[in-house]
Amino acid sequence: MRFAQLPASFLFFLFHLFFPQSASVVQRDPQATALLQSSLRAMGGSVPSDSVANGTVVIVAGSLTTSGTIRILTRGTDQTSEQLSLPQSAETTVYSRGAANATANGTTQVLSLERTASCQSAVFPLPFLAAAFVNPDEAIQYIGLETLGQSQAQHIRVWNTFNSNPTLLFLSKVTTTDIWLDASTNLPRQISFVRRDGGGSAPKIAFSISYSGYQNSGGVQYPRQISESLNGTPWTTITILSVALNTGLTDTDFSVTQGVN
């Protein structure tokens, strides 16, 4: 029987049977990948099993300024917890392996997939950036050398392609993260991304974190001054007072409730 006489649909089946299509290759720019790797080395090279940082926080919302305390927990590269204590409220955001909860004054909310995609705490940049580097689905792009403040920084961009889990492809654009590394020290200077609470017409919030005052804690560089802004407006200033590593945190410290959003 000649192939020309076979139905087109059957020929299509034969082609994919004998010549299966491999998954698309995740693009990783060599220069950007090398810069990210150099930054991880500059911060200590390896991610601690866990970290506990305590500090003060000042939040500016319009004409209102509120002061309180903050506690940041990390475990490996995929579990974080930010615990905020203010005079009139207590708030905790927990991210654990693709799920996230936000608790305010005892009431817990399961966060949407869109919000969860940008929910991992970046206050401690070492595990945050290491999570992107070790994820085979993460694309890495070099943007260029730019002036940031009074010095120069290498600008790279990363995003999760969800190449191994196409059902989550719609979240890819929510994971785009811009990173500026100090051109002299390779330490992170700024990390920016967009947060959304949902899809469709849900508003986009440009979230940016700036780092300074790095100090060595148990062999890793942890920034002591962290500034956060929303849509370009200064919002939160964090001063880290103490850092403890490898304290024995467990999954219980990052417990999340999963459910339908």
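Higher on the page you've got the structure.
Below is a short write-up of the structure.

Rules used throughout
Residues numbered from 1 in each chain as written. Predicted model: local features only at pLDDT ≥ 70, side-chain atom pairs only at ≥ 80, totals over all residues. Heavy atoms only, no water. Helix = DSSP H or I, 4+ residues; strand = E, 2+ residues; numbered from the N terminus. Buried < 20%, exposed > 50% of the residue type's maximum accessible area, 1.4 Å probe, protein only. Contact = heavy atoms within 4.5 Å. Areas by Shrake-Rupley, 256 points an atom, 1.4 Å probe, with all protein chains shown as cover. Phe/Tyr/Trp six-rings, centres within 6.5 Å; stacked < 30°, edge-to-face > 60°. Lys NZ or Arg CZ within 6 Å of the ring centre and 35° of its normal. Lys, Arg positive; Asp, Glu negative; His and termini not counted. Salt bridge = Lys/Arg side-chain N within 4 Å of Asp/Glu carboxyl O. Polar contact = N/O pair within 3.5 Å; in protein donor to acceptor, adjacent residues only side chain to side chain. Axes fitted to C-alpha atoms, helices over the stretch in contact; angles between N-to-C directions. Left-handed = near helix turned anticlockwise from the far one by under 90°. Nonpolar A, V, L, I, M, F, W, Y, C, P; charged D, E, K, R; others polar.

## Digging into the overall build of the protein chain
In step 1: Helices and strands together make up the secondary structure of the protein chain, namely four helices and 13 strands.
In step 2: Across the 261 residues that make up the protein chain, the buried fraction comes to 43%.
In step 3: Pairs at least 24 residues apart make up 50% of the contacts formed inside the protein chain by residues separated by at least 6 positions.
In step 4: Surface exposure of the protein chain reaches about 13,700 Å², of which carbon and sulfur atoms provide 55%.

## With respect to the environment of Ile 240
In step 1: With respect to the helices and strands, Ile 240 occurs in strand E13 (residues 233-245).
In step 2: Residues Ile 240 and Val 123 lie 117 residues apart in sequence; the distance between their C-alpha atoms is 9.9 Å.
In step 3: Apart from residues lying up to four places away in sequence, Ile 240 is in contact with Ala 53, Asn 54, Gly 55, Ile 72, Tyr 222, Pro 223, Arg 224 and Ile 226.

## Description of the packing of aromatic side chains
In step 1: Tallied over the full model, the rule gives three aromatic pairs.
In step 2: Seen in terms of ring centroids, Phe 207 and Trp 235 are 6.2 Å apart; in terms of plane orientation they differ by 70°. Their pairing is edge-to-face. Pair noted here: Phe 207 is in strand E11 (residues 204-217) and Trp 235 is in strand E13, with a separation of 28 residues, a long-range link.
In step 3: A residue is classified by how much of its surface remains accessible, and Phe 207, at 5% relative accessible area, is buried.
In step 4: Classification of Trp 235 by relative accessible area gives partly exposed; the value is 29%.
In step 5: The cationic tip of Arg 28 hangs over the ring face of Phe 133; the distance from NZ or CZ to the ring centre is 5.8 Å.

## Focus on the side chain of Arg 195
In step 1: Along the chain, the position of Arg 195 falls in strand E10 (residues 188-196).
In step 2: Here Arg 195 occupies a buried position and makes no salt bridge, while the nearest side chain of opposite charge, Glu 82, is found at 5.8 Å.
In step 3: Engagement of the side chain of Arg 195 in a polar contact is seen with the backbone oxygen of Ser 118, the distance being 3.2 Å.
In step 4: Setting aside anything within four residues of it in sequence, one finds Arg 195 in contact with Arg 115, Ser 118, Cys 119, Pro 203, Lys 204, Ile 205 and Phe 207.

## Structural notes on the side chain of Asn 135
In step 1: Residue placement: Asn 135 occurs in the loop between helix H4 (125-134) and strand E7 (138-148).
In step 2: With residues near it in sequence (within four places) discarded, Asn 135 still touches Arg 28 and Asn 160.

## Here's the deal with the pattern of salt bridges
Note that side chains of opposite charge can pair when their charged atoms are close.
In step 1: Taken as a whole and assessed by the stated rule, the structure comprises six salt bridges.
In step 2: The shortest N-O distance in the salt bridge between Asp 251 and Arg 75 comes to 2.5 Å. In this pair, Asp 251 sits in the segment after E13 while Arg 75 sits in strand E2 (residues 64-75), placing the two residues 176 residues apart along the sequence.
In step 3: The partner of Asp 182 in a salt bridge is Arg 189, and the shortest N-O contact between them spans 3.4 Å.

## Quick word on the packing of helix H2 (residues 30-42) against H4
In step 1: Two elements in contact, H2 and H4, have axes whose closest approach is 10 Å; the angle formed by their N-to-C orientations is 145°. For the element pair H2 and H4, the recorded crossing hand is left-handed. Where H2 approaches H4, its residues Thr 33, Leu 36, Gln 37, Ser 39 and Leu 40 are matched on the opposing element by Leu 126, Leu 129, Ala 130 and Phe 133.
In step 2: Residues of the contact of H2 with H4, tallied by class, amount to six nonpolar, three polar and no charged.

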